[in-house]
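# A structural walkthrough
One-letter residues, chain by chain:
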Amino acid sequence: MTATESARILVVDDDPLTRLMASEALREGGFSTLEAEDGGKALDLFDAALPDLILLDVMMPGLSGFEVCQQMRARRNGALVPIIMLTGLDDGDSVQRAFDAGATDFISKPINWTLLRFRIRYVLRSAQAMKELTRSKESLSNAQRIARLGSWEWFVQEDRVQRSDQYYRLFGQAASVFGEGIEAVLEHVYLPDRILVAAAIQGARGGAGYQLTYRVVWPDGRVRTVVETVEPGDSSEGAAGLVMEGSVQDITDQVDAQRRIRQLAYYDHLTGLPNREFFRENLLGVAVRCLRNDCRCAVMVVDIDRFARINDSLGPERGDQVLQVIGHRLRESMGDRAPAEPAGGGALPCFKVARLAADEFGILMPDVGDLGEVLEVAHRLLGVVRAPIHVPGQDITLSARIGLAVMPDHTGDADALLKAAETALNRAKRTNGEPVALFSEEMKVAAFLRFTLEGELRRAIGDHELRVVYQPIVDAVTGTIVKAEALVRWPHMGRGPVPPPEFISLAEETGMIVPLSRAVFERVCADIAELEAFVRPGFRISVNLSGVNFMDAQLIPTVRDELAKAGIPASRIEFELTETVLMRDLDYATGILAQLREMGVRVAVDDFGTGYSSLAYLRRLAVDTLKIDRSFVSELDDGQGIAIVEAVIGLAHSLGLEVVAEGVETLSQLSALHQRGCNLIQGYLFARPMSIKMLTQALQSGIRMPKGLPLAVVRKDEGMAQGALSGP
């Protein structure tokens, strides 16, 4: 049975015989029927059952068939239900009135019941086709609405445009106020984009298709982005001349998403400046233009000196504010402005300032003259950084170092240019002289050697090539070796001894300081175990800890494990830390030092007097020894630095701490220190760093006291003289 044969038919007639005959004829044809004797009953059944077709008599008491038809058509679901009017009237006016009321077809009485069944099947098939077409149009309209896609057809010769309803919605306009003709759209286009749209329309007049992204302005002021695609179409039947067909889609959400993605991918979230990747892409474009046009461009890398102190002392929030201020100042100084991106994306905008790393900024100068101009800009930027920065409660003054390189003077490659500027910066950071460094081939060679050295250092640590030596710390009154400082040396197999500052700084930069320090500590523990038979109970060896080591979460477990493995008491170990390391996070330092003291490990503050030198933090921290920095000791010969040395010695004595002077090389230095109460001496005057074997011999035979030692230094007590043994 087909869909039309199973349809439900509502028969509406005030004549019972007509209803009976119609129902019987329809049931024989496979239809099901409903019956109504008047218009009111018919409307109730229509609402309740929604039949597939209605046979409606025209002449009925009460509501006429015309009125019933009109009311059915006004129902929400009544637009597409076929209605066949049954009429005995045979005049044209009645037929016209039936169609005006919304009738689908009409049949004159008397009715041929056999033909009626075929007539109904035909009408039902037509109605089904109309429903499918309507659903297809609705689906298309919904799809266009969901996709924010509108369409139009332009009959060019007449300048007549047929636009879809969704088209008007994309402009936030009603069709009645949008305007006529193709150029009416220009009134709704964002002003800077109108010239592009007008040019595209002009080309379309001659049959040229286009695809264009532009912005439109809604009546409420909102700006939306659309993409319009236009192609020549087939002329409709009867239409003369060229027809252009177009579609317009709202892509605002996609553009916004792409902009957000680009913002995340290309911009620093803290300062709003372009990031390293964006800087590199811009540099690539500038480099190409520079080489093509035979001009010069420059890159500067600006690094803020010791910026970590800001975060350590004021907290990361203040540090972020300082970086924002510096970024803003650099951009203002370079005349840089955040550019507006084109509506559809496109080429990346050009800029001059970017944030390359935490406290590192990049400066791009796309067209420069001589090197003097570049250096002048670099020194101006140093002044920009040095200007005081106001934060709540205080003013902060910073300094910076700059590395710079110029194309094509130093390289013809964009990536190499940035690398050259960074190489120059590294040179500026490793020297205490000029804060601006211009790249040179010598730096390139040095950078390569440093890179090579990094690999060799990694290998040396793994192969246990590094050696630990010990410099005794002597009680100058008794000649007793009270402790020794462990120092690491690298006897490179190929190039000879590598200076400790060179490979230690490299280890700190690359993170190799952690495994290096662990290897040193392991060696020290093993050596102490061998010395146990030759040393007094208070003898200990001090080991330097860098900031990276001190902040290592495995520090305490490692110390415990190594002490247990070597079988030595914790009192044999003393860690040396600088003030800067301890003050980086005072709460953290307090906790770690308390754990070390609980274990029995002693702690010395190295280079005391060069940093914070605060009585408040010394009282808070569990430290045992202060070491006077060699820079103050070296000034004792000419009378300089005495005030600081006296202050450090007095502070140590007042807190019950040991005080050690390092770098002592002359008798006059020793005399000045002894007169002020400092007798623990480390320096070439008594001993240079030595192997564990030589230290063992020194512990057994004693230290040879220097000739010409002032008598005031020597204690004459019984059993103590020059060269006294330090053994038990």
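Structure report, in brief. (Residues numbered from 1 in each chain as written. Predicted model: local features only at pLDDT ≥ 70, side-chain atom pairs only at ≥ 80, totals over all residues. Heavy atoms only, no water.)

### Notes on the environment of isoleucine 120
- With respect to the element layout, isoleucine 120 can be found in helix 5 (residues 113-146).
- On the basis of relative accessibility, which here comes to 0%, the residue isoleucine 120 falls in the buried class.
- Those residues in contact with isoleucine 120 that lie beyond four places of it in its chain are Ile9, Leu26, Phe31, Leu53, Leu55 and Ile84. (Helix = DSSP H or I, 4+ residues; strand = E, 2+ residues; numbered from the N terminus. Buried < 20%, exposed > 50% of the residue type's maximum accessible area, 1.4 Å probe, protein only. Contact = heavy atoms within 4.5 Å.)

### A look at unusual backbone geometry
- Note the cis peptide between methionine 407 and proline 408, where omega equals 10°.
- Of note, proline 408 is situated in the loop between strand 16 (400-407) and helix 14 (414-430).
- Not every positive phi belongs to a glycine, and arginine 306 is a case in point at roughly 45°.
- Relative to the helices and strands, arginine 306 resides in the loop between strand 11 (296-304) and helix 11 (308-314).
- For arginine 306, a relative accessible area of 60% gives the class exposed.
- Unusually for a residue other than glycine, histidine 464 sits at a positive phi of about 55°.

### Let's talk about the packing of helix 12 (residues 316-333) against helix 13 (residues 371-386)
- Two elements in contact, helix 12 and helix 13, have axes whose closest approach is 10 Å; the angle formed by their N-to-C orientations is 145°. In this structure, helix 12 meets helix 13 at a crossing whose hand is right-handed. Taken together, the residues of helix 13 that come into contact with helix 12 (itself represented by Arg329, Leu330 and Ser333) are Arg380, Leu381, Val384 and Val385.
- Per-class residue counts for the contact of helix 12 with helix 13 are 4 nonpolar, 1 polar and 2 charged. (Axes fitted to C-alpha atoms, helices over the stretch in contact; angles between N-to-C directions. Left-handed = near helix turned anticlockwise from the far one by under 90°. Nonpolar A, V, L, I, M, F, W, Y, C, P; charged D, E, K, R; others polar.)

### Digging into the side chain of aspartate 193
- Looking at the secondary structure, you find aspartate 193 in the loop between helix 7 (175-178) and helix 8 (194-205).
- Residue aspartate 193 is classed as buried on the basis of its relative accessible area of 6%.
- Dropping the residues within four chain positions of it, aspartate 193 is found in contact with Tyr214 and Arg215.

### Quick word on the pairing of strand 5 (residues 105-108)
- Burial of the side chains of strand 5 is restricted to one face: Asp105 and Ile107 are buried, whereas none of Phe106 and Ser108 on the reverse face is.
- Relative to strand 5, strand 4 (residues 83-87) runs parallel, the two being bridged by 4 bridges. Following the sheet pairing, threonine 87 is matched in strand 5 by serine 108. (Pairing = 2+ DSSP bridges.)

### Description of the pattern of salt bridges
- Under the counting rule described, the total for this entry stands at 35 salt bridges.
- Glutamate 454 is the partner of arginine 458 in a salt bridge, and the nearest nitrogen-oxygen pair spans 3.3 Å. Of this pair, arginine 458 and glutamate 454 are both found in helix 15 (residues 441-462), 4 residues apart, which corresponds to roughly one turn of the helix.
- In this structure, glutamate 574 and lysine 483 form a salt bridge, with 2.8 Å as the shortest nitrogen-oxygen distance. Of the two residues, glutamate 574 sits in strand 22 (residues 573-578) while lysine 483 sits in strand 19 (residues 480-492), which places them 91 residues apart along the sequence.
- You can call glutamate 574 buried: its relative accessible area is 1%.
- Salt bridges linked by common partners bring Lys483, Arg540, Glu574, Arg602 and Glu658 together as one network. (Salt bridge = Lys/Arg side-chain N within 4 Å of Asp/Glu carboxyl O.)

### Comments concerning empty space enclosed by the protein
- Considering all chains together, one arrives at 4 cavities of 30 Å³ or more under this definition.
- Looking at the largest cavity, its volume works out to about 130 Å³.
- As for the largest cavity, its lining consists of 13 residues, and the residues nearest its centre are Ser517, Arg518, Leu545, Leu555 and Thr558.
- At the level of secondary structure, the elements contributing two or more residues to the lining of the largest cavity comprise helix 17 (513-531), strand 21 (540-544) and helix 19 (555-566).
- The residue makeup of the lining of the largest cavity, split by class, is 6 nonpolar, 5 polar and 2 charged. (1 Å grid on protein atoms, 1.4 Å probe; cavity = no way out; pocket = protein on both sides within 12 Å on 5 of 7 lines; lining within 4 Å. Points joined across faces, edges and corners; volume = space filled by probe spheres on them.)

### Quick word on the sheet that holds strand 16
- A sheet is described by the order of its strands in space; here 5 strands give the open sequence 12-13-11-16-17, paired in mixed fashion. Looking along the sheet, the strands with just one partner apiece sit at the ends: strand 12 (353-357) and strand 17 (436-438). Averaged over all pairs of adjacent strands, the angle between their axes in this sheet comes to 25°, without regard to strand direction.
- The pairing of strand 11 with strand 13 (residues 360-368) spans 7 bridges and is antiparallel. Note that in strand 13 the partner of alanine 298 across the bridge is methionine 365.
- Helix 12 rests against strand 11, strand 12 and strand 13 of the sheet, and its axis sits at about 5° to strand 13.
- Strands strand 11, strand 12, strand 13, strand 16 and strand 17 of the sheet are contacted by helix 14, whose axis makes an angle of about 145° with strand 16.

### Quick word on helix 9 (residues 252-266)
- Between the first and last C-alpha of helix 9 there are 20 Å, a value that for 15 residues agrees with the 21 Å anticipated at 1.5 Å per step.
- Every buried residue of helix 9 is accounted for by Thr252, Val255, Arg262 and Tyr266. Mapping the buried residues of helix 9 onto a view down its axis gives an arc of 90°, with all of them on the same face. For helix 9, exposure combined with an orientation more than 90 degrees from the buried face picks out Arg260, Ile261 and Leu264. (Expected span 1.5 Å × (residues − 1). Arc of directions from axis to C-beta.)

### Digging into the packing of helix 17 against helix 19
- Relative to each other, helix 17 and helix 19 sit at 30°, their axes nearing to 9 Å. In terms of axis orientation, helix 17 runs roughly parallel to helix 19. Two packed elements cross with a definite hand, and for helix 17 against helix 19 that hand is right-handed. Judged by residue contacts, Arg518, Phe521, Glu522, Cys525, Ala526 and Ala529 of helix 17 engage Thr558, Val559, Glu562, Leu563, Lys565 and Ala566 from helix 19.
- Its residues placed into classes, the contact of helix 17 with helix 19 shows 7 nonpolar, 1 polar and 4 charged. (Parallel < 35°, antiparallel > 145°, perpendicular 65-115°, else oblique.)

### What about the layout of surface pockets?
- What the second largest pocket holds in volume is close to 280 Å³.
- At the level of elements, helix 15, strand 18 (467-475) and helix 17 are the ones that each hand at least two residues to the lining of the second largest pocket.
- At 7 residues, helix 17 tops the list of elements feeding residues into the lining of the second largest pocket.
- Counted by class, the lining of the second largest pocket contains 9 nonpolar, 1 polar and 5 charged residues.

### Structural notes on the nonpolar core
- Ranked by size, the top nonpolar core spans 89 residues in total, and within it Leu457, Val524, Leu563, Phe575, Leu593 and Ile628 carry the most contacts.
- Apart from the residues within four sequence positions on either side, leucine 457 is in contact with Leu466, Trp490, Phe503, Leu506, Ala507, Met512 and Leu516.
- Core analysis: the second largest hydrophobic core is formed by 34 residues, Val353, Val385, Val391 and Ile396 among them. (Core = buried A, V, L, I, M, F, W, Y, C linked by side-chain atoms within 4.5 Å.)

In short, geometric facts, not functional conclusions.
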